[in-house]
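Take a look at the letters that make up each chain.
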Amino acid sequence: MVVIAAVSGILFLAALFFQPITSSYLNVVLNWAIVLTAITLLVAISNLVITHLRYIAVGRRGFLFSLVFIATFAATFVFGILRGSDDTQYLRWIKAIQLPLETALLGLLALVMMSAAIKIFRVRGWSILTVSFGLSALLFLFLNLGFFPIAQNSTLFVVVTALQKLPVVGARGLLIGAALGAVIAALRVLFGQVVENE
Amino acid sequence: MPDLNLLLTLAGVVLSLMVFSYLLGDNLFFGIAMYILAGVSAGYTAVVLVTKVIIPMMIMPLADFPQIPALLALVPILFSILLLSAMFTKSSKAAGLPLGFLAGLLAALSIAGIARGTLAPQLLSIVNSFDPQLVVSEGLPNWTAIFQAFMMLLGVIAVLFYFHHRSKTKNSLQSPDLWLDGFSGVGQVFIGITFGAVFVGLFGTALSALIASLNRIIDFVRLWI
Amino acid sequence: MSELADQLRTCPNCGQQNAMHSLKCIRCGEVLEDLFAFDDIDTDGEEPTPESISDVLASLNENILLTDQTESESSETAEDQPNGGDEERRSGDASQTPGWLERVRERTREEDSSGEMVKGGQAMDKHRSAGERSQVDQAFDEVIQRIREQSEKERKKTRKMETDLVDENGVPEWLRRIRELHPAHEQDTEQVLTSSQEESFDDEWTDEELQELLRREIGDEYNPGEQPVYNNLTSSDNPEIADDQSEEESGFLPIYEIPEDFHNIPDDDFDEPDNTKPTKPGNPELLDKDEDPPEAGNKDPNIETESQAGVEIQHLIDNPTDFEGGESEKHEEEENKEEFSIIESDTIGEELEEQEGELPVETEESEQAGDRDKKILKSLSTEEEVVPDLLLLRDQRDRAQVLTNIIEQEGHRTIPVLHEKNRQSKLGRLILALLLLAGVIISLVLGPGDNLHLPLSLPAAALQEKTAKLQSGEVVLVVLDYQAATSSEIEELAKPVIDALSYQGVSFRFVTSQPVDLWLGEELLPSKEAGLAVKIEFIPGGLLGYLTLTAGTSPVWGMTPIERVVSGGTKLLDETSLVMIISDSPDFVRNWLEQISPWHPDLPTLAISTSLSEAMILPYFESGQLSGFLAGHPGGEGQNQQANQRAWQVGMLIMMVVLILGMITKAEADAAEKDEGHNHA
């Protein structure tokens, strides 16, 4: 697998660099990759379904949830295949279930973040990182309140604008660091130096 | 027969309340709600993949057999068969071929994209902030711009140094120098500021979702008042 | 190493190879030829006896030829040269006497002086060898005897009764020893024995007698009818033959149980038996390993059958115990072993009946005495010391018990502390959540509230500027990539922008690679009032699909599958004036800027995202890769029209308060710890 990854990666990289000549090759290979990605995703979903079916067959603790999953999956899949994925009624039902669930889940995150905010200093203690984090959070929370007419005061506006640029420094450093790490990891794949977990 | 919209709204409200029941602890209702979400999401994704990807891109080109597009379409079919074999055999080495192909392709894309799309522009942006046209205004130095440029350069280097210094001090037993600790501290300050901004942004997004969800419930309740 | 060490000597008797230095054969004990041999002494056959040599010498002296000349010569030269004269004489007579004779005479004279030594040495050797021989023979016999006994034990694996160990009164030896240990019960046993002897003192064993005997020796637990007797089988030197118990008789004999510390290690047959230890079948503590099987007509072929039955039973219970079936005269004295094993065999009783001179048989009237004896045995058993191998087993047993406990604990919460739910933290989290919920709900109920006074951010201003420059008829590619959870925030930001663009007469093309955006993005579609019927197109493969349509070109031989699915094919971005990314993930924006934008560097890219992505997208705006973006609350006049502003402000305020509260509580906790530290100091 390592050799295949290295060979295919090097060939594709070369095709990217010589793009005007190899653009059709790129087109074909990327089509293969798209189909393969879709199959991989389908295999993952199938594994999930099979796992839950196994839980039900064995009678594992919590198989009720597996029953719910299988039932909803089967209903969604069967109706989608029969009526088509663009059917209006079908999409209404999907929207009616998925939209409130996901929205409520993200709203729950806001409630959980309240307890995280009160614990963060108790858990992490006082350090440069936590103090700067706390002060920055307070500042931006205050700026987002919109209580004060900042835009009307030029000095205040300049100060606020400068303050809003402060996260750029850290974000840029994080982006460059993450990018360097990703490039090194990708180069290791191309050179066949993938580290396998023992 | 009740209005379908009302029924769907009721279903949405009930599901929202089931999710919020997590505040009382992990319970049956929350679990059912999560597994309903997982089932619907997985089912709909599978439907879209089958109807909009597999059939039109893998099966339908075979109709042109034995033309070149049909022959080329056999390659992903072969890859798919090898990938499917991994489902039935625990230690299937055949699945390594398509997965290796994908891994190599993604690695090559990463190298090209990161180099062109992030590393070069971001580093050039730091350098370009020292552009004379920016740091000099009307023949006089623009101290604000200079200060911002230096802050940007110092901050980025300090952030990168903090991660490097942190990994190094974790592995070594030697006590680091004071100036190294100080420079690492500067990096921590900028990282803390960024994390604070990200924290507020995340809370803002979650708060918006919470407001929308509660609004839906309140509107439903108002229907019956 | 000497060469002699590698050489072997063959015994003339048995042919066994022996070492060169050995005096006797290691196999048969035959005296081997001497290690050192004297010259001219016949070593092949028997040792030359001193008598034979003296006879020879005497005959030589009587020789006529040798007498005259020797006497005359000897008188002349004897004074001068007592030793050398012999030689001269010898030489003078050499012409007349043969050389060998002369040499013999010389030797004789020498030997006469040393002959006594030889004789003495030979006599000593003889005496010594005789003594050694007897000792060796004795030791050898003992070894051989032990080997034979062990082999018999292994073959037979049965227990024999003591048959011959009776004193002058007819009391068996084992009983005598028990009485010695417990004189209190002596009378009863004597009475029992006496009565039994009086009533039925004959050589024939009856079933009752055998049963009573077993009961007396083993104890009250014996019950051959109710339970397989082979459970009680143990390694024993004194096997006791069990009678063929009938069901009626089994009632008065108790069930015998195997003790916990029962082991399968065979006894050491070579150890000296401890005759003071009363034993009990089945109780390893009582087992006397040193005892040998009793001599009870052991040459009787029926015993072989009996032992075979015992072997079968032994195999049944997987109890590879040894039973001494052999006999030896030497071990007869040591056969006062109180341990018995019970063998269930139908033929044993019949065989025993045929034996004569067995142990005295008890009748049913001696049951009580037997019970008392059993009690004695029980009491004695507690006084036994545990042999070392049993100690080892106990240690192993303890370890096995620990392992069993560990295995039983599998799957159970062994450390309850780790699994205890912190009710206090759950309550605190609930209170904070209820606080936020209450604030937001009250705000929603009260109404929108005042306007937000937020300054327009630079990226937002840039976006507004860019979109304002679009002309009618220009195509804007709207890339959708957000989830249902963030749809409320995204739609609040994106909808006004799209409406404004549609008002400008701009054409749209909505594409997405997310399946949910196919129905989610319908909220963003331009209103039908504008006369635009726009449909959302699905791009398979995510970013790979966008890259295929951007970087790839259509091959000469035909269209690729994706070109058939997506209208326009690889000219997705060719006719586009502006790309607007609507995504809730900063990673998608970053990936687009890394993979897609470099193929069309002149194509401006805008982004509409959530407040979460603002910090991470800002560097790309600063670097010029993004022409503008909207995230969170960008400020400006548009903010005034946003609903739920009061709820937003209340939420932000509550979070500020909670954050400050966290800092204060931490400071208080640190102060309290410091005070405690000072107090302790």
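Just so we're clear, the structure is a prediction, and the values are computed from it rather than from any experiment.

For the rest of this paragraph, the subject is the overall build of chain B. A tally of helices and strands in chain B yields 7 helices and 2 strands. Taking all 225 residues of chain B together, 40% fall into the buried category. Sequence separation of 24 or more characterises 32% of the internal contacts of chain B that already satisfy a separation of 6 or more.

All right, on to the interface of chain A and chain C then. Across the contact, 53 residues belong to chain A and 51 residues belong to chain C. Looking at the side of chain A that touches chain C, the elements that each hand over two or more residues are helix H2 (19-58), helix H4 (88-124), helix H5 (128-145) and helix H6 (154-190) of chain A. Looking at the side of chain A that touches chain C residue by residue, the classes come out as 34 nonpolar, 14 polar and 5 charged.

Here the focus is the confidence of the model for chain C. Residues and elements named next belong to chain C. With 50% of its residues at a pLDDT of 70 or more, chain C shows a mean pLDDT of 69. Predicted confidence for residues 188-201 stays below pLDDT 50, and this span has 23 contacts to residues more than four positions away or in other chains. The low-confidence segment residues 355-364, where pLDDT is below 50, has 46 contacts with residues more than four positions distant or belonging to other chains. Among the scores for the predicted complex, ipTM is 0.91 and pTM is 0.63.

Right, let's talk about the sheet that holds strand S9 (residues 605-609) of chain C for a bit. Residue and element names in this part refer to chain C. With parallel pairing, 6 strands are arranged side by side in an open sheet as S7-S6-S5-S8-S9-S10. Strand pairing shows two members of the sheet lacking a second neighbour, strand S7 (536-538) and strand S10 (628-631), which therefore form its edges. Each strand of the sheet is rotated relative to its neighbour by a mean of 20°, with strand direction disregarded. Of the strand pairs in this sheet, strand S6 (residues 507-512) and S7 are connected by 3 bridges, and their pairing is parallel. The residue bridging Thr512 from the neighbouring strand is Phe538, located in S7.

Ranked by size, the top nonpolar core spans 183 residues in total, and within it Val19(B), Met580(C), Ile582(C), Ile608(C), Ile617(C) and Phe629(C) carry the most contacts. For this core, the leading source of residues is helix H7 (residues 178-224) of chain B, giving 18 residues.

The subject of this paragraph is the interface of chain B and chain A. Tallying the contact residues gives 90 residues for chain B and 81 residues for chain A. When residues of the side of chain B that touches chain A are traced back to their parent elements, those giving at least two are helix H1 (4-20), helix H2 (28-59), helix H3 (68-88), helix H4 (96-128), helix H6 (143-171) and H7 of chain B. In terms of residues, the side of chain B that touches chain A owes the most to one element, H2(B), which gives 24 residues. Considered class by class, the residues forming the side of chain B that touches chain A number 65 nonpolar, 23 polar and 2 charged.

Once that is clear, we can look at the packing of H2(A) against helix H3 (residues 63-83) of chain A. Helix packing geometry: the angle between the two helix axes and the distance between the axes. All names here are of chain A. The interhelical angle for the contact between H2 and H3, taken along N-to-C directions, is 135°, at an axis separation of 9 Å. Relative to H3, the element H2 is oriented oblique. For the crossing formed where H2 meets H3, the hand is left-handed. When H2 is examined against H3, the residues Val49, His52, Leu53, Tyr55 and Ile56 are found in contact with a partner set consisting of Phe63, Ser66, Leu67, Phe69, Ile70 and Phe73. Looking at side-chain class alone, the contact of H2 with H3 contains 9 nonpolar, 2 polar and no charged residues.

A word on the packing of H6(A) against helix H22 (residues 614-622) of chain C. Two numbers describe how H6(A) lies on H22(C): the axes approach to 8 Å, and their chain directions differ by 90°. Classified by the angle their axes make, H6(A) and H22(C) are roughly perpendicular. Here Pro167(A), Val168(A), Ala171(A), Arg172(A) and Leu175(A) of H6(A) come into contact with H22(C), specifically with Ala615(C), Met616(C), Leu618(C), Pro619(C) and Glu622(C). Along the lines of polarity and charge, the residues of the contact of H6(A) with H22(C) split into 8 nonpolar, no polar and 2 charged.

We now examine helix H19 (residues 543-551) of chain C. H19(C) sits mainly inside the fold: 9 of its 9 residues count as buried. Inspection of H19(C) places Leu543(C), Leu544(C), Gly545(C), Tyr546(C), Leu547(C), Thr548(C), Leu549(C), Thr550(C) and Ala551(C) among the buried residues, and these make up the whole buried set. Check the buried side of H19(C) and you find it contacts H2 of chain A together with helix H20 (561-565) and helix H21 (586-596) of chain C.

Quick look at the environment of Ser24(A) now. Along the polypeptide, Ser24(A) turns up in helix H2. By the C-beta count within 10 Å, which is 17 here, Ser24(A) ends up partly exposed. Setting aside its immediate chain neighbours within four residues, Ser24(A) contacts Gly552(C), Thr553(C) and Pro555(C).

For the rest of this paragraph, the subject is the environment of Leu91(A). Assignment of secondary structure puts Leu91(A) in helix H4. In sequence terms Leu91(A) and Gly80(A) are 11 residues apart; their C-alpha atoms lie 9.0 Å from each other.

Conventions adopted
Residues numbered from 1 in each chain as written. Chains lettered and ligands numbered in written order. Predicted model: local features only at pLDDT ≥ 70, side-chain atom pairs only at ≥ 80, totals over all residues. Helix = DSSP H or I, 4+ residues; strand = E, 2+ residues; numbered from the N terminus. Buried ≥ 20, exposed ≤ 12 C-beta atoms within 10 Å, placed from the backbone. Contact = placed C-beta atoms within 7 Å. Nonpolar A, V, L, I, M, F, W, Y, C, P; charged D, E, K, R; others polar. pLDDT = per-residue confidence, 0-100. Pairing = 2+ DSSP bridges. Axes fitted to C-alpha atoms, helices over the stretch in contact; angles between N-to-C directions. Core = buried A, V, L, I, M, F, W, Y, C linked by C-beta atoms within 7 Å. Parallel < 35°, antiparallel > 145°, perpendicular 65-115°, else oblique. Left-handed = near helix turned anticlockwise from the far one by under 90°.

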